[in-house]
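Fold and geometry: a report
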Amino acid sequence: MIIKTDPDIIKGYFEDYSGLLGGYADKVILPENEKEARDILLEAGAKKIPVTISGGGTGVTGARIPFGGWVIATERLNKIIEINDKTLTATLQPGVRLTELENELSKKGLTYLPDPTEPNAFLGGTISTNASGAKGFKYGPTRDYIKRLKILLSTGDTIDIKRGDYFINTGEIFPLRLKDKEIKIKIPDYSMPEIKTAAGYYIKNHMDLLDLFIGHEGTLGLILEADIALGKKPEEVMSFFSFFSSEDDAISFVKDAKTYKAMSLEYMDANSLSLLRIKYPNIPKYAKGLIYFEQDYKKEFESGVVDSWTKLLEKHKALMEDSYFADSDKERTKLKELRHALPDAVNEIVKKNKMPKVGTDIAVPDKCFKEMLKFYKEKLASSGIDYVVFGHIGESHMHVNMLPKTEEEFKKSRLVYMKFVKKAVSLGGTVSAEHGIGKLKHLFLEIMYGKDNLKQMALLKKSLDPSCVLGLDNIFPKELLK
Ligand SMILES: Cc1cc2nc3c(=O)[nH]c(=O)nc-3n(C[C@H](O)[C@H](O)[C@H](O)COP(=O)(O)OP(=O)(O)OC[C@H]3O[C@@H](n4cnc5c(N)ncnc54)[C@H](O)[C@@H]3O)c2cc1C
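The following refers to the structure shown.

Definitions and limits used
Residues numbered from 1 in each chain as written. Predicted model: local features only at pLDDT ≥ 70, side-chain atom pairs only at ≥ 80, totals over all residues. Heavy atoms only, no water. Buried < 20%, exposed > 50% of the residue type's maximum accessible area, 1.4 Å probe, protein only. Helix = DSSP H or I, 4+ residues; strand = E, 2+ residues; numbered from the N terminus. Pairing = 2+ DSSP bridges. Axes fitted to C-alpha atoms, helices over the stretch in contact; angles between N-to-C directions. Contact = heavy atoms within 4.5 Å. Arc of directions from axis to C-beta. Expected span 1.5 Å × (residues − 1). Bend = angle between axes of the 7 residues up to and from the residue.

**Describing the pairing of strand β16 (residues 236-244)**
Along β16, nine of the nine residues are buried, which leaves the element largely enclosed by surrounding structure. Here β16 shows two buried faces, one formed by Glu236, Met238, Phe240, Ser242 and Phe244 and the other by Val237, Ser239, Phe241 and Phe243. Across nine bridges, β16 lies against strand β18 (residues 289-297) in antiparallel orientation. Considered in β18, the bridge of Phe244 is made with Gly289.

This is how it looks when you write it as structure tokens:
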């Protein structure tokens, strides 16, 4: 095991992409096997030393940032134990980087279908946040691909469960039998919205126990190993970057496009395009909205696929001459880079403004999407704050990024955010569809579920982490553990 204490070296673990400042810890410990990880957790549990688990550090909610105690960093638990192309499964340690996983799978003609998030994220981080990606529209979030987890608790006990082993009910005390003891898990009884969500613990009546450990944000245990489901690489993929001269045209295109089973259906608004134009001046000046989508298909059906998308794009007045189309890996990579250039451009503005962005992760039921988008636009226009709106329009899940230039604008952005949260909750939405709650959105989760349900989450945590050392202040305030 490696232990790092040099402040200059460990300070990198005190940040992620949230902009949350002030993190600190006594040391960062990098276990190399299960025994070492258990020894660390047992000592921390006995001495009640807070432990924050760190993955790739690409999170955007401050969840891996420690405020005291120790950090367990997972980068040396990074073995790809097995890739089985017969059963289409892989067994992995948590520190495997997604980009490395995809490289290895690609050699065997396989892929990890949910393709969650940022390539530098670790598998453990994506399970712990139930991350999704651009292909979430077709393939759903990480949760749907987890078949088995081995989890190390702060008590030193290991839970090794497969999907289908145990089912639990809301409101019950579930007795989980381990080798030499029984853990009584208190299952909350709140109801989650029936949409894409990563807000708080996953709770449903008659749910698989495995699902409780997906999206727990490092609060219940250390994920030591996972079996994931794989898919075959699609035979062919086409990607489209389709520009529209009005946002309304882009949005009405999406309504029809949802029935076409694309892999992804993503949106950028007029302000996002203006920002991208700085680096990519060829983006047409009159474009006011963009839909990025990818379609998988078999070679024999290519002309039919092109035909039907072309007709749909023409019907909704897409700027056909100006749009980009890619059907080779090389071209597709260029479009992916263009898509990724937006978060980079946003980060550049943040640096220039020297003010953190205020970014949302709200999703609402499909039937309320138009109402929510109108609400965003009205409130943003009257705020006078610079902003971009982009994201997973296929799942009615937008990221509004407000880019304040002054302290006053920052405070105003937080107030506008609160209005968005209240509106979304009133429409049956979620305050986080993919990033999780971390240390920054406790209040939003309270608005969504109410304080009593946050207390139920705290009780659930206590039943698995009785010494209350893991991932403190993630999901709900640590004061609720008292
Ligand atoms: C440019 C950019 C784009 C992004 N796009 C998306 C997107 O499209 N969709 C999306 O969902 N997210 C997105 N994210 C957010 C981020 O990539 C995800 O939240 C990701 O899942 C974090 O993984 P990580 O390994 O970096 O975790 P970290 O940031 O290191 O940690 C996140 C959480 O996981 C916990 N954790 C990590 N490893 C373990 C483990 N082994 N056991 C238990 N808990 C653990 C940590 O304690 C923490 O609570 C994006 C981020 C960036 C910077």
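**Comments concerning the sheet that holds strand β4 (residues 70-73)**
Pairing is mixed in the open sheet, where four strands are placed in the order β1-β2-β4-β3. Unpaired on one side and paired on the other, β1 (2-4) and β3 (51-54) mark the two borders of the sheet. Ignoring which end each strand starts from, the neighbouring axes of this sheet average 25° apart. In this structure, strand β2 (residues 27-30) lies alongside β4, joined through three bridges in parallel fashion. The residue of β4 that forms the bridge with Ile29 is Ile72. In this fold helix α2 (residues 34-47) packs onto β2, β3 and β4, with an angle of close to 160° to the strand it touches most, β4.

**Quick notes on helix α13 (residues 442-449)**
Turning to α13, its buried residues are His442, Phe444, Leu445, Met448 and Tyr449. Here the buried residues of α13 occupy an arc of 160° about the axis, which is enough to place them on one side. On its buried face, α13 is in contact with α12 (407-426) and α14 (451-464). After α13 finishes, the residue Gly450 shows a positive phi value of roughly 85°.

**Thoughts on the environment of Phe476**
Here Phe476 shows up in the segment after α14. On the accessibility criterion, Phe476 (1% relative accessible area) is buried. The spatial distance from the C-alpha of Phe476 to the C-alpha of Glu100 is 33 Å, given a sequence separation of 376 residues. Look past the residues within four positions of Phe476 in its chain and what remains in contact with it is Tyr201, His442, Leu454, Met457, Ala458, Lys461 and Leu481.

**Details of helix α10 (residues 329-353)**
Residues that lie three or four places apart on an α-helix share one face, since the helix turns once every 3.6 residues. The first and last C-alpha atoms of α10 sit 36 Å apart over 25 residues, in line with the 36 Å expected at 1.5 Å per residue. Of all the bends in α10, the largest measures some 30° and sits at Ala341, one to four residues before the proline Pro343. Along α10, the residues that are buried comprise Arg332, Leu335, Leu338, Ala341, Leu342, Ala345, Val346, Ile349, Val350 and Asn353. Where α10 ends, the next residue or the one after it, Lys354, has phi of about 55°, a positive value.

**Some thoughts on the sheet that holds strand β6 (residues 89-92)**
On the basis of which strands lie adjacent, the open sheet formed by five strands has the order β5-β6-β14-β8-β9 and antiparallel pairing. Strand pairing shows two members of the sheet lacking a second neighbour, β5 (80-84) and β9 (158-162), which therefore form its edges. On average, each strand axis in the sheet is inclined to that of its neighbour by 10°, with strand direction left out of account. Summarising the sheet, β5 and β6 pair through four bridges and their orientation is antiparallel. Bridge pairing links Glu82 to Thr91 in β6.

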